[in-house]
Amino acid sequence: MKHGKKYVDGAKLIDRSKFYDPQEALELAVKTGTAKFDETVELHVKLGVDSRHADQQVRGALVLPNGTGKKVRVLAICKGDAAKDAQDAGADYVGAEEMAQKIQGGWMDFDVVVTTPDMMGVVGRLGKILGPRGLMPNPKAGTVTREVGKAVKEAKAGKIEYRLDKSNIIHCVIGRISFGAEKLTENFNALMGAIVKAKPATSKGQYVRSCVVASTMGPGVRVNPSKFGA
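What you are looking at is a predicted structure, and each value in this text was computed from that prediction instead of being measured.

Chemist: Help me out: how do you make sense of the overall build of the protein chain in this one?
Modeler: Helix and strand counts for the protein chain come out as eight helices and nine strands. Here the C-alpha atoms of the protein chain give a radius of gyration of 19 Å, agreeing with the 17 Å that 2.2 N^0.38 yields for 230 residues. Judged by the C-alpha coordinates and their principal axes, the protein chain covers about 55 × 45 × 30 Å. The burial tally for the protein chain puts 46% of its 230 residues in the buried class. Here the contacts in the protein chain between residues at least 6 apart in sequence split such that 72% fall between residues at least 24 apart. Here the protein chain has roughly 11900 Å² of accessible surface; of this, 50% comes from carbon and sulfur atoms. Taking the 36 positively charged and 25 negatively charged side chains of the protein chain as two groups, their mean positions are separated by 5 Å.

Written out as C-alpha cells, the structure is:
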C-alpha cells in the first residue's frame, strides 16, 4: 500500500523493532498525526483469549477521564418517568415504540442507545440492525438500566464500550490529537486497567499479546505489553 509523504515522514520517527512505554508511544502518535483535521487516536489490543468461548469473553464499559473528544448523540428508548429523566440528562432523542419504528425505517442519526429493562421486548427486535453496528444496548455496558438519566450523562461524558472482535482484538477510541500526550496517556491507562481487570479466569498464558496506538492518518506505535503484568 502506497502512503503519502506525511505518513512516510512520520513513520521514520518510529522504530518498528522497539516497544515503547505508553506515554512515549502517545507522544509519537501526537507528533505523527499531521492531518489538517483533529485526528482520532485509537488503541488496538490483541488478547490471548478465544472469543469463541463464552467464558473467555472480554467486554465492559468505562468513562474515560478526559472523554473521547467526540460529540455523542444519545437515543433513549423508554417511557414515563424514565423518559423524563433521559430528557433532563440531555438525551438527544427520547421515545418508545415510535423510535423503534423509525430505526426499522432506516433512521440511524445517533451514536449510543440506552433503554430500560421493560423496553427490551421492543429493542430486542432491532438486534439485526443495531447489533452489527455495535449499537445494541447491553446490561454489561450499562446501556440497559433503570437509571437512564445516569446512563445518558455517562455517554455524553465520554463513556466507551470495549469488547473483543472475532480476531480477539479490542479496538477503542481514546481521544484526539488535540488532547496532547498527557491526557491521552490518562485515557490509555484507564482503559488498559479495565481490560486487564476483566481478564477471564480461564485465560492461560500471556493475556496482552500486543498493543498498538495510532492516529487516524498516522502509523501505528507498538506499546510494550509486559507493562500490563498480564
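Chemist: Whenever I open this one, helix α4 (residues 97-104) confuses me. Can you help?
Modeler: The periodicity of an α-helix, 3.6 residues per turn, causes residues three or four positions apart to be oriented the same way. Every buried residue belonging to α4 is among M99, A100 and I103, and all of these are buried. Along the long axis of α4, the arc covered by the buried residues comes to 100°, so they all point the same way. Buried residues in α4 make contact with β3 (74-77), β4 (93-95), α5 (120-123) and α6 (127-130). Of the residues trailing α4, G106 is marked for its positive phi of about 110°.

Chemist: So what exactly am I meant to see when it comes to the sheet that holds strand β1 (residues 40-47) here?
Modeler: Strand pairing in a sheet relies on backbone hydrogen bonds. The paired strands run either parallel or antiparallel. The strand order β7-β1-β8-β9 describes an open sheet built from four strands, whose pairing is antiparallel. In this open sheet, the two edge strands, each paired with only one partner strand, are β7 (169-176) and β9 (221-222). Pairing geometry for β1 and strand β8 (residues 208-215), over seven bridges, is antiparallel. Across the sheet, L47 pairs through a bridge with V208, a residue of β8. Running over the sheet, helix α2 (residues 22-32) touches β1, β7, β8 and β9 and is turned about 30° from β8. Helix α8 (residues 180-197) contacts β1, β7 and β8 of the sheet and is inclined by roughly 150° relative to β7.

Chemist: In this structure, what is going on with the pattern of salt bridges? I would like to understand it.
Modeler: Two side chains with opposite charge may pair up if their charged atoms get near one another. Summed over the entire model, instances satisfying the criterion amount to nine salt bridges. K18 is the salt-bridge partner of E24, the closest N and O atoms lying 3.5 Å from each other. With a relative accessible area of 33%, K18 lands in the partly exposed category. Residues joined in a network through salt bridges with shared partners are K70, R73 and D111.

Chemist: Help me understand helix α7 (residues 148-157), please; the structure alone is not making it clear to me.
Modeler: Among the residues of α7, V148, G149, A151, V152 and A155 are the ones counted as buried. Looking straight down α7, one finds its buried side chains confined to an arc of 165°; they lie on one side. Buried residues belonging to α7 abut β3, α3 (80-89), β5 (112-115) and β6 (159-163).

Chemist: It is not clear to me how the nonpolar core should be interpreted in this structure. Could you clarify?
Modeler: Counting 34 residues, the largest nonpolar core has L43, L47, Y162, F188, L191, M192 and I195 as its most contacted members. At the level of elements, α2, β1, β6, β7, α8 and β8 are the ones that each hand at least two residues to this core. No other element matches α8, which puts six residues into this core. Apart from the residues lying within four places of it in its own chain, the contact partners of L191 are L43, L62, L64, I160, Y162, C172 and I174.

Procedures and definitions
- Residues numbered from 1 in each chain as written.
- Predicted model: local features only at pLDDT ≥ 70, side-chain atom pairs only at ≥ 80, totals over all residues.
- Heavy atoms only, no water.
- Helix = DSSP H or I, 4+ residues; strand = E, 2+ residues; numbered from the N terminus.
- Rg over C-alpha atoms; globule rule 2.2 N^0.38 Å.
- Buried < 20%, exposed > 50% of the residue type's maximum accessible area, 1.4 Å probe, protein only.
- Contact = heavy atoms within 4.5 Å.
- Areas by Shrake-Rupley, 256 points an atom, 1.4 Å probe, with all protein chains shown as cover.
- Lys, Arg positive; Asp, Glu negative; His and termini not counted.
- Charge placed at Lys NZ, Arg CZ, Asp CG, Glu CD.
- Arc of directions from axis to C-beta.
- Pairing = 2+ DSSP bridges.
- Axes fitted to C-alpha atoms, helices over the stretch in contact; angles between N-to-C directions.
- Salt bridge = Lys/Arg side-chain N within 4 Å of Asp/Glu carboxyl O.
- Core = buried A, V, L, I, M, F, W, Y, C linked by side-chain atoms within 4.5 Å.

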